[in-house]
Amino acid sequence: MTVNLRYRFVDSPIGALLLVGDDRGLHRLGFAQGPRAFGPDPAWRQASGAFAEVARQVSAYFAGELRTFDVPLVLSGTDFQTRHWRAMPTLPYGRTQSYGAWAAHLGVPRAVRAIGAANGANPIPIILPCHRLVAADGNLTRFGGGLSAKRFLLALEARHR
């Protein structure tokens, strides 16, 4: 990431979320706790008023008032990863889908493991709803904010479906 990035924290029911980006859009959404927790890079500039629209939409999502985000995103990854990430908002709100079904939907039915790896590398969880992908047997799989956060997000969406 470049040194021109700004960041801010927003509160959520699953803990503080770190928003990182620049004038082009959001680059990352991070968890303050969980397996993939991270903090701000010293080269980033704190800007508490930055990403006001992202913060508003995140708040509306957690209030059950927003199902689809509409914020500019800056995605950096392989062609396969970015294709997967850009398609994720089409995963139905309040429902889960297996990695295999998702791979088939994307036209790469044999790429289940690659889908899993791309999902694990998702730089903007929640907005790109990787939490909606589950194992073939319906069990929850790893999530950057932890399985309790994944359960919370799925239950939130189920209540407001």
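Residues numbered from 1 in each chain as written. Predicted model: local features only at pLDDT ≥ 70, side-chain atom pairs only at ≥ 80, totals over all residues. Heavy atoms only, no water.

Chemist: Explain the overall build of the chain to me, please; I cannot follow it from the model alone.
Modeler: Looking only at helices and strands, the chain has five helices and six strands in total. Counted from the first residue to the last, the chain has its helices and strands arranged as β-β-β-β-α-α-β-α-α-β-α. Compactness check: the chain gives a C-alpha radius of gyration of 15 Å against a globular reference of 15 Å for 161 residues, within 12% of the reference. The principal-axis extents of the C-alpha atoms in the chain amount to approximately 40 × 35 × 25 Å. Burial analysis of the chain (161 residues in total) assigns 49% to the buried set. (Helix = DSSP H or I, 4+ residues; strand = E, 2+ residues; numbered from the N terminus. Rg over C-alpha atoms; globule rule 2.2 N^0.38 Å. Buried < 20%, exposed > 50% of the residue type's maximum accessible area, 1.4 Å probe, protein only.)

Chemist: Is there a simple way to think about the nonpolar core in this case?
Modeler: Side chains of nonpolar character tend, in soluble globular proteins, to be buried together. Ranked by internal contacts, the top residues of the largest apolar core, which has 40 residues, are L17, V54, Y61, F62, W102, I126 and I127. For this core, the secondary-structure elements that each account for two or more residues are β2 (17-22), β3 (25-31), α1 (52-62), α2 (79-87), α3 (99-105) and α5 (147-159). Among the elements that make up this core, the one with the highest residue count is α1 (six residues). The contacts of L17, once residues within four sequence positions are left out, are R8, F9, V10, S12, L29, G30, F31, V58, F62 and I126. Listed in part, the six residues of the second largest apolar core include Y7, L18, V20 and W44. (Core = buried A, V, L, I, M, F, W, Y, C linked by side-chain atoms within 4.5 Å. Contact = heavy atoms within 4.5 Å.)

Chemist: Where do I start with α2 in this structure?
Modeler: Given 3.6 residues per helical turn, the α-helix brings residues three or four places apart onto the same face. Burial in α2 covers these residues: Q81, T82, H84, W85 and A87. Summarising the contacts, the buried residues of α2 are in contact with α3, α4 (112-120) and β6 (133-134).

Chemist: Looking at this structure, how should I read the UniProt feature "domain: Methylguanine DNA methyltransferase ribonuclease-like" (unreviewed entry) in the chain?
Modeler: UniProt annotation of "domain: Methylguanine DNA methyltransferase ribonuclease-like" (unreviewed entry) refers to residues 5-73 when read in the numbering used here. With 16% helix and 29% strand, residues 5-73 has end C-alpha atoms that lie 13 Å from one another. (UniProt positions renumbered as here; feature names shortened; annotations may be inferred.)

Chemist: It is not clear to me how the packing of α2 against α4 should be interpreted in this structure. Could you clarify?
Modeler: Geometrically, a packed helix pair is captured by the angle between its two axes and the distance between the axes. Running from N to C, α2 and α4 cross one another at 75 degrees; their axes reach a closest spacing of 9 Å. Overall, the two elements α2 and α4 adopt an arrangement that is roughly perpendicular. The segment α2 lies against α4, with F80, Q81, H84 and W85 engaging A114, I115, A118 and N119. Residues belonging to the contact of α2 with α4 are distributed by class as follows: five nonpolar, three polar and no charged. (Axes fitted to C-alpha atoms, helices over the stretch in contact; angles between N-to-C directions. Parallel < 35°, antiparallel > 145°, perpendicular 65-115°, else oblique. Nonpolar A, V, L, I, M, F, W, Y, C, P; charged D, E, K, R; others polar.)

Chemist: Teacher, can you tell me more about the packing of aromatic side chains here?
Modeler: Each aromatic ring pair is summarised here by two numbers: the centre-to-centre distance and the angle between the ring planes. Within the structure shown, the criterion is met by seven aromatic pairs. With a centroid separation of 5.3 Å and 65 degrees between ring planes, the pair formed by F31 and F143 is classed as edge-to-face. Of the two residues, F31 sits in strand β3 while F143 sits in the loop between β6 and α5, which places them 112 residues apart along the sequence. A residue is classified by how much of its surface remains accessible, and F31, at 5% relative accessible area, is buried. According to the relative accessible area criterion, F143 is buried, its value standing at 6%. Relative to W44, the ring of F38 lies with its centre 6.5 Å away and its plane at 85 degrees, an arrangement referred to as edge-to-face. (Phe/Tyr/Trp six-rings, centres within 6.5 Å; stacked < 30°, edge-to-face > 60°.)

Chemist: Whenever I open this one, the sheet that holds β3 confuses me. Can you help?
Modeler: Backbone-to-backbone hydrogen bonds join strands into a sheet, with any given pair of strands oriented parallel or antiparallel. Across the sheet, four strands lie side by side as β3-β2-β1-β4; this open sheet has mixed pairing. This sheet does not close on itself; its edge strands, each paired only once, are β3 and β4 (45-46). The pairing of strand β1 (residues 6-10) with β4 spans two bridges and is classified as parallel. Looking at β4, one finds that Y7 is bridged to Q46. (Pairing = 2+ DSSP bridges.)

Chemist: Would you mind showing me how to read unusual backbone geometry here?
Modeler: Negative phi characterises most residues that are not glycine, and trans characterises most peptide bonds. Positive phi values are uncommon outside glycine, yet F51 reaches one of about 60 degrees. Judged by its relative accessible area of 12%, F51 is buried.

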